[in-house]
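# Close look at the chain arrangement
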Amino acid sequence: STLTAMLLGAHADVCTVGELKWTSMGDVEQYRCSCGAFIKACPFWSDVRAGMHQRGFTFDLKDPGTDVRSGTRDFERRLLAPLHRGPVLEALRDGALILSPGWSRRLREHQARNRAFMEVLLQRTGKKVLVDSSKIGIRLKYLLRTPGLDIRVIRVIRDGRGVALTYTDPAAFADARDPSLKGGGSGAGRDHQRLSMMAAAREWRRSNEEAAAILAGVDRSRWTEVRYEDLCAAPEQQLTRLCNFIGVDPLRRRMDFRQTEHHVVGNGMRLDSTSEIRVDNRWMEVLGPTELQTFATVAGSLNRRLGYA
């Protein structure tokens, strides 16, 4: 998703800062913006903070409040924790939340903050379209309900075995190539984020089940999908299709996405220096028979339904 966002963000009319939900930055003092500067010293983010203040919002890089669970009560956080579960269970969730005093006001404030954040980013960059690479279904649910937002959804699909591998060792398989820039740019370890293969396979399966449940309620003209493997194999073709989908001129796209100004948070690949696009199939070499069997047991049927043998 970070690769997709950065490719789109290199377009003359598109900007991205990665994941707008912004909940897992870690040590903000040591966190680097993708421009290379420590994020608290980055002029871009200083401008964003000032822009939010002008709109009446405080903006703390450690906790910008853009996650729907920010500032909620314990009861509300528990209700917001489960993944999106389809229309019936979501109606029950909505009904339970409305019983919590102040929830409706907090939700409106959350939506207003996210809308203001997006407006500030577009104003600061002079672009027309903003790409948010957050992957939290419950966030999308409430963004789709936010007045004033014209949302198009891109579902990024990848072979679940490759995704599961990144969950088992994110520092090795989902971070910057330079060891000194891992862990948000400080070189910190990420052992505390590692999952077992069983948990990783379950995480991938549930996230894709969640995506399907949400998109079932979105008009088909408002969402599309792209396969990671296809994007790597034919990036210009896929990027042209995505540009047409979000309504920008595909002739203004750029493949040398590292050569444009960007201030991305999220996946450590944002700190790499090359614009080379190549598929990462290390799972074929790294995962052994036991791990592959575990994945097949937990998520193999869904992986096959998505077209991965």
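As a reminder, the structure under discussion sits directly above these lines.
What you see as residue numbers is a count from 1 along each chain, following the sequence as written. Predicted model: local features are reported for residues with pLDDT of at least 70 only, side-chain atom pairs are reported and counted for 80 or more only, and whole-chain, interface and lining totals are derived from all residues. Side-chain figures throughout are based on the complete set of non-hydrogen atoms in the structure, without hydrogens or water.

### Regarding the pattern of salt bridges
Pairing is possible between side chains of opposite charge, provided their charged atoms come close. Basic side-chain nitrogens of Lys or Arg form a salt bridge, by our definition, when they fall within 4 Å of a carboxyl oxygen of Asp or Glu. Summed over all chains, the structure comprises 27 salt bridges. A salt bridge links Arg253 to Glu236; the shortest N-O distance between them is 3.2 Å. Taken together, the residues span a long stretch of sequence, with Arg253 in the loop between helix H12 (235-246) and helix H13 (283-286) and Glu236 in helix H12 at a distance of 17 residues. The numbering of helices and of strands both runs from the N terminus, where a helix is a DSSP run of H or I of at least 4 residues and a strand a run of E of at least 2.

### Overview of the side chain of Asn208
Mapping Asn208 onto the fold places it in helix H10 (residues 197-215). Contact definition: two residues touch when any of their heavy atoms are within 4.5 Å. When neighbours within four sequence positions are excluded, Asn208 is seen to be in contact with Arg155, Leu302 and Leu306.

### Quick word on helix H14 (residues 289-305)
Along an α-helix, a turn takes 3.6 residues, which lines up residues three or four apart on a common side. The largest bend in H14 is about 80 degrees, located at Ala299. Exposure categories follow from relative accessible area, calculated using a 1.4 Å probe and restricted to protein chains: below 20% of the type maximum is buried, above 50% is exposed, and the middle band is partly exposed. Burial in H14 covers these residues: Phe295, Val298, Ala299, Gly300, Leu302 and Asn303. Looking at the buried positions of H14, the neighbouring elements they touch are helix H7 (160-168) and H10. Following H14 by one or two positions, Gly307 has its phi on the positive side, about 100 degrees. Bend at a given residue is defined as the angle between two axes, one fitted to the seven residues that end at that position and one fitted to the seven that begin there.

### Structural notes on the packing of aromatic side chains
Aromatic contacts are taken between Phe, Tyr and Trp rings whose centres are within 6.5 Å, Trp giving its six-membered ring; a plane angle under 30 degrees counts as stacked, one over 60 as edge-to-face, and the others as tilted. Within this structure, the stated rule accounts for eight aromatic pairs. Ring geometry for Trp22 and Phe59: centres 6.0 Å apart, planes at 80 degrees, overall edge-to-face. Here Phe59 lies in the loop between helix H2 (43-54) and helix H3 (74-80) and Trp22 lies in the loop between strand S1 (14-16) and H2, a separation of 37 residues in the sequence. Residue Trp22 is classed as buried on the basis of its relative accessible area of 7%. Measuring from centroid to centroid gives 5.2 Å for Phe44 and Trp45, while their planes differ by 85 degrees, and the two rings are edge-to-face. Across this residue pair, the class does not change: Phe44 and Trp45 are buried. Site record: aromatic cluster; members linked through ring pairs are Trp22, Phe44, Trp45, Phe59 and Phe117. The lysine or arginine in question, Arg32, covers the ring of Phe38, its NZ or CZ lying 4.0 Å from the ring centre. Residue placement shows Arg158 over the ring face of Tyr228; its charged tip is 4.5 Å from the ring centre. Criterion for a charge above a ring: Lys NZ or Arg CZ within 6 Å of the ring centre, and within 35 degrees of the ring normal.

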